[in-house]
Amino acid sequence: MPEPKPAIERMLPYHPPTGNRDGMLRLDFNENTLGCPPHVLNALSDALSGDLLATYPDYKMARQQLADFFDVKEAQLLLSNGTDEAIQLLVNTFVGPDDEVVVLCPTYAMYRFYAEIAGADVREVFYQDRPGSEPYERVLQVDVTDILAKVSERTRAIFLPNPNNPTGSTISMETILEVLHAAPQCCVLVDEAYFDFWGVTALPLIEQNENLFVSRTFSKAYGLAGVRFGCLMSHAKNITNMRKAQSPYSVNALSMVAVLAAIQDRAWIDEYSNQVRLGSELLERELQKHCYPYWKSHANFILFDAGDQAEALLERSRAAGVLIRDRRHDLPCALRVTAGPSDQMERFVRVLEEVR
């Protein structure tokens, strides 16, 4: 029987808990809780044809339109099959066996996943838990000195999600610049998957910082998690090298149709993001009311400390048709709830009231 390479043999399998979600209120995966925008469905219906499905996709028009949308040059943009592929391409292009990568902890699992496949050593920087400004509010922060303390001559990549999942924490542009300048040999990825809920971006820093990479996804605010489409922006030379490592047709034609339609209606996204903000505020008030400590979030979810009621909340939520995410493997007693419009949040609040 063929033997896997040692890096694969050492890894634990990743099992995303995505089963049995049909007909449920999806507050577990940080997706758009209203679904795909109607104008995207119309565009897909209009574009669907035998020729479209029988022809290999042409990326030229999509690259230029998305470069214009993000206000970067076409040569600075890479299209990817979700931002997972963008992370994988960055690692495949710049990180080798016995190199090091730096990740925050807790954070998105795919940074470690692709680094371990490459045979790299993963160095963790832990968030510091501090009191917030409101009752029961906590804040998870990471200090730049802690990040730089993990950087060595072997470090090739530093992953800085902004905001971070599952904590909702953010990193200042000053911190990002300090890391860029202190570690010029490192690829510094600022993952902006939740940009649409916060509105702060590192994209303007690309021109002057050749080791900066910025990723965006259409899986969250845009409601397109199922089509798997992301973008990575960086210095043109970095993008050229990453395209060498990319399968020539990894992004499919239907996903391009969906995304190009989605970016034509920014008002729809802004309205949804506003509903998420109102839903988040409602959820914060209810967590305070029921004495659950929570961590301040700038994304479309809230992580909270459920104490000894975590298991009961998970079970009662599912029984009520509401899915939330168990994050106790990241922080003791932690559960995460995706924020949506207020009426959806009220369904989860009823579960809180029943269990409390």
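Refer to the structure presented above.
What counts, and at which threshold
- Residues numbered from 1 in each chain as written.
- Predicted model: local features only at pLDDT ≥ 70, side-chain atom pairs only at ≥ 80, totals over all residues.
- Heavy atoms only, no water.
- Phe/Tyr/Trp six-rings, centres within 6.5 Å; stacked < 30°, edge-to-face > 60°.
- Helix = DSSP H or I, 4+ residues; strand = E, 2+ residues; numbered from the N terminus.
- Buried < 20%, exposed > 50% of the residue type's maximum accessible area, 1.4 Å probe, protein only.
- Lys NZ or Arg CZ within 6 Å of the ring centre and 35° of its normal.
- Axes fitted to C-alpha atoms, helices over the stretch in contact; angles between N-to-C directions.
- Parallel < 35°, antiparallel > 145°, perpendicular 65-115°, else oblique.
- Left-handed = near helix turned anticlockwise from the far one by under 90°.
- Contact = heavy atoms within 4.5 Å.
- Nonpolar A, V, L, I, M, F, W, Y, C, P; charged D, E, K, R; others polar.
- Polar contact = N/O pair within 3.5 Å; in protein donor to acceptor, adjacent residues only side chain to side chain.
- Right-handed = clockwise from strand over helix to strand, strands pointing away.
- Core = buried A, V, L, I, M, F, W, Y, C linked by side-chain atoms within 4.5 Å.

Visitor: For this particular structure, what's the right way to read the packing of aromatic side chains?
Guide: How two aromatic rings sit relative to each other is set out by the distance from centre to centre and by the angle between their planes. Applying the stated rule across the entire model yields 13 aromatic pairs. Relative to phenylalanine 213, the ring of phenylalanine 94 lies with its centre 5.6 Å away and its plane at 70°, an arrangement referred to as edge-to-face. Taken together, the residues span a long stretch of sequence, with phenylalanine 94 in helix 5 (residues 82–94) and phenylalanine 213 in strand 9 (residues 212–217) at a distance of 119 residues. The exposure class assigned to phenylalanine 213 is buried, which follows from its relative accessible area of 1%. Aromatic side chains phenylalanine 218 and phenylalanine 229 sit 5.8 Å apart centroid to centroid with 75° between the ring planes, which places their arrangement in the edge-to-face category. One end of the pair, phenylalanine 218, is in the loop between strand 9 and strand 10 (230–234); the other, phenylalanine 229, is in the loop between strand 9 and strand 10, and 11 residues separate them in sequence. Across the pair, phenylalanine 229 and phenylalanine 218 agree in class, each one buried. Put simply, the rings of Phe69, Phe70, Phe218, Tyr222 and Phe229 pair up and form one aromatic cluster. The residue whose ring lies beneath arginine 216 is phenylalanine 195, and the NZ or CZ to ring-centre distance is 3.8 Å.

Visitor: Would you take a moment to explain the packing of helix 13 (residues 310–319) against helix 14 (residues 342–355) for this structure?
Guide: Two elements in contact, helix 13 and helix 14, have axes whose closest approach is 10 Å; the angle formed by their N-to-C orientations is 130°. Looking at the two axes, helix 13 sits oblique to helix 14. Viewed along their axes, helix 13 and helix 14 form a crossing whose handedness is right-handed. Across the interface between the two elements, Ala312, Leu313, Arg316 and Ser317 of helix 13 pack against Phe348, Val351, Leu352, Glu354 and Val355 of helix 14. The residue inventory of the contact of helix 13 with helix 14, partitioned by class, reads six nonpolar, one polar and two charged.

Visitor: Looking at this model, I keep getting lost on helix 11 (residues 253–262). Mind explaining?
Guide: Note on helix geometry: an α-helix contains 3.6 residues per turn, so any two residues three or four positions apart are oriented the same way. With nine of 10 residues buried, helix 11 lies mostly within the body of the structure. If you check which residues of helix 11 are buried, you get Ala253, Ser255, Met256, Val257, Ala258, Val259, Leu260, Ala261 and Ala262. Its buried side turned inward, helix 11 meets helix 2 (38–47), helix 3 (50–54), helix 4 (60–70) and strand 2 (77–80). Measuring from the backbone nitrogen of leucine 254 back to the side-chain oxygen at the start of helix 11 gives 3.0 Å, which picks out asparagine 252 as the cap.

Visitor: Even after reading the chapter, I still don't get the pairing of strand 8 (residues 187–191), so can you show me in this structure?
Guide: Looking down a regular strand, the side chains alternate between one sheet face and the other. Most of strand 8 is tucked away, with five of its five residues classed as buried. Alternating positions in strand 8 separate into two faces, Cys187, Leu189 and Asp191 on one and Val188 and Val190 on the other, with burial throughout. The parallel pair strand 7 (residues 155–161) and strand 8 is bridged by helix 8 (residues 173–182), and the resulting crossover is right-handed.

Visitor: Can you help me understand the nonpolar core in this one?
Guide: Judged by nonpolar contacts, the single largest core of 88 residues is most densely connected at Leu66, Leu79, Ile158, Phe218, Phe304 and Phe348. Ranked by the residues each element gives to this core, the list is headed by helix 11, at seven residues. Those residues in contact with phenylalanine 348 that lie beyond four places of it in its chain are Leu27, Leu283, Phe304, Ser317, Val322, Ile324 and Val337. Membership of the second largest hydrophobic core comes to 23 residues, among which are Val91, Val95, Tyr111 and Ala157.

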